[in-house]
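Working through the structure, step by step
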Amino acid sequence: MAPDGSAKQNRTIAIIGGGLGGLSMAYYLKRAGIESFTIFEKAADLGGVWRENTYPGAACDIPSHLYSFSFEPHYPWSCRYGKQSEILDYARLVAQKHDLLRHFSFGKEVAGAQYDAEQGVWRVQFGDGSVVEAAVLVSAVGQLHRPAFPDIPGMQRFAGRAFHSARWDHGYDFGGKTVAVIGSGASAVQFVPELLKQAQRIVLFQRSPGWCIPKFDRKFSAFERMLLRRFPVLYDLDRRRIFWLIEFLASSMIARGLLSRLADGVMQSLARVLMRVQVRDAALRRKLTPDFPVGCKRTLLSNDWLPALASPKLTLVTEAIAEITSDGVQTRDGTRYAVDAIVYGTGFAAAQFLAPMELKGLNGQSLRERWRDGAEAYLGVSVAGFPNFFMLYGPNTNLGAGSIIYMLEAQARYIAQCVQLLQQQDLRSMQVHEAVQRDFNREVQQRNRGTTYESGCHSWYIGLDGRNTNNWVGYMSEYGRRLRVPNPDDYQLIPLPLEVRAARTA
Ligand SMILES: Cc1cc2nc3c(=O)[nH]c(=O)nc-3n(C[C@H](O)[C@H](O)[C@H](O)COP(=O)(O)OP(=O)(O)OC[C@H]3O[C@@H](n4cnc5c(N)ncnc54)[C@H](O)[C@@H]3O)c2cc1C
């Protein structure tokens, strides 16, 4: 960063967050020949959600041959779906191999940033009080980073051990304990079957059930690993196969027509057959059968979730929770469940994009204020009034089915080209035209109505105003196509003052 605030010369880039998004951004900047960037990561290590979610059973829901970077696709995964520790190792390998580690500044939590239009720089403030300046600011803080807790009376009163699944207490001995699990989403699906092996009893509080389909996971055999090693093209072929298969399945959520109906039929059949086979008790089946279409909320992938729910060691409670007492959980019908520990599998504050950072753009406009009724951005990447600011995994870029890494790479490639444009054309700033952003979001909202995301269930895809603010409304391939090359006409481009340009060429 320019230490003396000589902002006119400042060509540095500040990336916030060192998860897979930050790594992706760093890689594509380097590939574009840009080295003057720093990744500010608040933790002491990289990896993002794969560093944070260490709960038993944590693993990917997308086959790893697709859930990996296109520039690092040949990794010896042990299983079809990488486990948390493997994904974290993979992220570390990517950082090392591509010389990204030296760009990291760990233990630096960004509290906010303010755009100085006169100087054309972002002034970035950290939690420790320090400030740096950067010509370009990129947020890579993810959508699923801040644990969400329910608002239940008495939560502080509980005298036993209580924690969120993203902050797993590995020192706690569950042996012989009765454990309340609150939530039945994608994380609970992974840790409950594992927890059941340790705890004496689980009381699971489910607000609404989700559709669960089988996870076709297995270990790669030694022979397969040898083949993959000898013929890396097999990785690439498998990646393509998975990509198009998932695009087909995604059509059940985002499209209409024959293909979509066919995909919906496949998903429905998988879910219903799994339920029939794994849950023999008709009353329990009723409790576990959603009243909304597959894909309305995140589809669960597991072969051992439904058997865990049917286990005699697990009590499924569908009655709403009234309060948490010092020794347990009480439901609205007055039933008290005494427990030793509570695990909150209640997901993340996904609708609160970029929180708790406070970003101020042109004329001191607050991003939080602008997004009061729900976040929106052009292509999920740029926001009018916030020049030289870009996002990865921003509004409407999550997927109901697909690899987020694919989306992160599309965004990073796009942003790297924007940075090139800024630098090569000696621009002071670029900001998306308000009208371009408005038209794009009108399209997103209109297409939203045809997706399953807005078909009436309670899910984390839906923001404060009842709209889907989180998910992309099309196919991954469409998103990739639309972000291939930034269109300069979408942006207001402001050149650097003449004297600065002259000084550069002198
Ligand atoms: C349990 C779990 C399982 C998942 N499984 C899948 C899956 O199977 N397939 C899939 O496609 N996606 C999955 N996801 C989604 C996942 O979030 C993305 O795939 C991807 O890892 C997001 O990377 P990211 O870098 O954008 O965000 P994150 O991984 O959230 O990284 C953000 C980083 O920013 C840092 N940070 C945040 N705020 C600040 C700040 N103010 N200052 C400095 N640093 C900050 C954080 O410490 C973190 O390291 C899963 C998510 C979770 C939580």
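Bear in mind that the values here come from a model prediction, so they are computed numbers and not experimental data. (Residues numbered from 1 in each chain as written. Predicted model: local features only at pLDDT ≥ 70, side-chain atom pairs only at ≥ 80, totals over all residues. Heavy atoms only, no water.)

1. Points about the site of the ligand
Note the cut-off: By convention in these notes, a residue is near a molecule or strand provided one of its non-hydrogen atoms lies within 4 Å of it. Definition of a polar contact: a pair of N or O atoms within 3.5 Å, with one able to donate and the other able to accept a hydrogen when the atoms are protein atoms, and with sequence-neighbouring residues admitted only if both atoms are side-chain atoms. Numbering of helices and strands runs from the N terminus, with a helix taken as a DSSP run of H or I at least four residues long and a strand as a DSSP run of E at least two residues long. Amino acid classes used here: Ala, Val, Leu, Ile, Met, Phe, Trp, Tyr, Cys and Pro are nonpolar; Asp, Glu, Lys and Arg are charged; the rest, including Gly, are polar.
Taken together, 35 residues sit near the ligand, with Gly21, Glu41, Asp61, Tyr67 and Ile404 positioned nearest. One of the backbone nitrogen or oxygen atoms of Lys42 is found 3.2 Å away from a nitrogen atom of the ligand. Here an oxygen atom of the ligand sits 3.5 Å away from a polar atom, N or O, in the main chain of Gly402. Of all the secondary-structure elements, those providing two or more residues to the shell around the ligand are helix H1 (20–31), strand E2 (37–41), helix H2 (49–52) and helix H11 (404–424). Examining the composition of the shell around the ligand, we find that 4 residues originate from one element, H2, more than from any other. When the residues that make up the shell around the ligand are grouped by side-chain class, the tally is 18 nonpolar, 10 polar and 7 charged.

2. Quick word on the sheet that holds strand E14 (residues 321–325)
Selection criterion: In this description, strands pair whenever DSSP reports at least two bridges between them. Here, axes are lines fitted to C-alpha atoms. For helices the fit covers the stretch in contact, and angles between N-to-C directions go from 0 to 180 degrees.
Within the open sheet, the 3 strands sit side by side as E14-E15-E16. Their pairing is antiparallel. Every interior strand has two partners, whereas the edge strands, E14 and strand E16 (336–338), have only one. Across this sheet, the average inter-strand angle for adjacent strands is 20 degrees, counted without regard to direction. Relative to strand E15 (residues 328–331), E14 is paired through 4 bridges, and the arrangement is antiparallel. By the bridge assignment for E15, Ile321 is matched with Thr331.

3. Some details on the domain arrangement of the protein
Frequently, the measure chosen for interface size is the accessible area that the parts lose on association. Just so we agree on the cut-off: What marks off one domain from the next here is an automatic or database domain assignment. The buried area of a pairing is the accessible area, by a 1.4 Å probe, that goes missing from both parts when the two are put together, added over both. Every case where a carboxyl oxygen of Asp or Glu lies within 4 Å of a side-chain nitrogen of Lys or Arg is listed as a salt bridge.
Per the domain assignment, the segments of the protein are domain 1 (5–146 + 349–505) and domain 2 (148–208 + 297–347). For domain 1 versus domain 2, the distance between C-alpha centres works out to 33 Å. Taken together, the two surfaces of domain 1 and domain 2 that pack against each other cover about 1600 Å², and 46% of this comes from carbon and sulfur. The interface formed by domain 1 and domain 2 includes 0 salt bridges. Applying the counting criterion to the domain 1 and domain 2 interface returns 7 residue pairs in polar contact (both at pLDDT 80 or more).

4. Points about the packing of helix H6 (residues 233–254) against helix H7 (residues 258–278)
Using the following cut-off: When an angle is under 35 degrees it counts as roughly parallel; over 145 it counts as roughly antiparallel; between 65 and 115 it counts as roughly perpendicular; any other value is oblique. Should any heavy atoms of two residues lie within 4.5 Å, those residues are counted as being in contact.
Relative orientation of the contacting elements H6 and H7 amounts to 100 degrees, with a least axis distance of 7 Å. With respect to H7, the axis of H6 lies roughly perpendicular. Residue-level inspection shows Phe248, Leu249, Ser251, Ser252 and Met253 of H6 in contact with H7, the latter providing Leu259, Ser260, Leu262, Ala263, Asp264, Val266 and Met267. A breakdown of the residues in the contact of H6 with H7 according to their chemical character gives 8 nonpolar, 3 polar and 1 charged.

5. As for the packing of aromatic side chains
Put simply, the rule reads: Stacked, tilted and edge-to-face pairs are distinguished by plane angle, under 30 degrees for stacked and over 60 for edge-to-face with tilted covering the rest, among Phe, Tyr and Trp rings (Trp via its six-membered ring) whose centres lie within 6.5 Å. Relative accessibility under 20% of the residue-type maximum defines a buried residue, over 50% an exposed one, and the middle range a partly exposed one, all with a 1.4 Å probe and only protein chains included. We call a charge positioned over a ring when the NZ of a Lys or the CZ of an Arg lies within 6 Å of the ring centre and within 35 degrees of the ring normal.
On inspection of all chains with the given rule, the structure shows 30 aromatic pairs. Judged by centre distance (5.3 Å) and plane angle (50 degrees), the ring pair of Tyr115 and Trp122 falls under tilted. A relative accessible area of 9% places Tyr115 in the buried class. Look at Trp122 and you get buried, because its relative accessible area is 0%. Three or more aromatic residues link up through ring pairs in this structure, and these residues are Tyr27, Tyr28, Phe69, Phe71, Tyr75, Trp77 and Tyr90. The ring of Trp472 has Arg447 lying over it, and the distance from NZ or CZ to the ring centre is 5.7 Å.

6. A closer look at the pattern of salt bridges
For the structure shown, the criterion picks out 32 salt bridges. Residues Lys215 and Asp61 are paired through a salt bridge, measuring 3.6 Å at the closest nitrogen-oxygen approach. Linking Lys215 in the loop between strand E11 (212–213) and helix H5 (222–230) with Asp61 in the loop between H2 and helix H3 (84–97), this pair joins segments that are 154 residues apart in sequence. Owing to a relative accessible area of 13%, Asp61 belongs among the buried residues under this scheme. For the salt bridge of Glu194 with Lys197, the shortest nitrogen-to-oxygen distance reads 3.2 Å. Residue Glu194 and its partner Lys197 are both found in helix H4 (residues 186–198); the two are separated by 3 residues, about one turn of the helix. Overlapping salt bridges, with partners in common, bring together Lys30, Glu35, Asp99 and Arg102 in one network.

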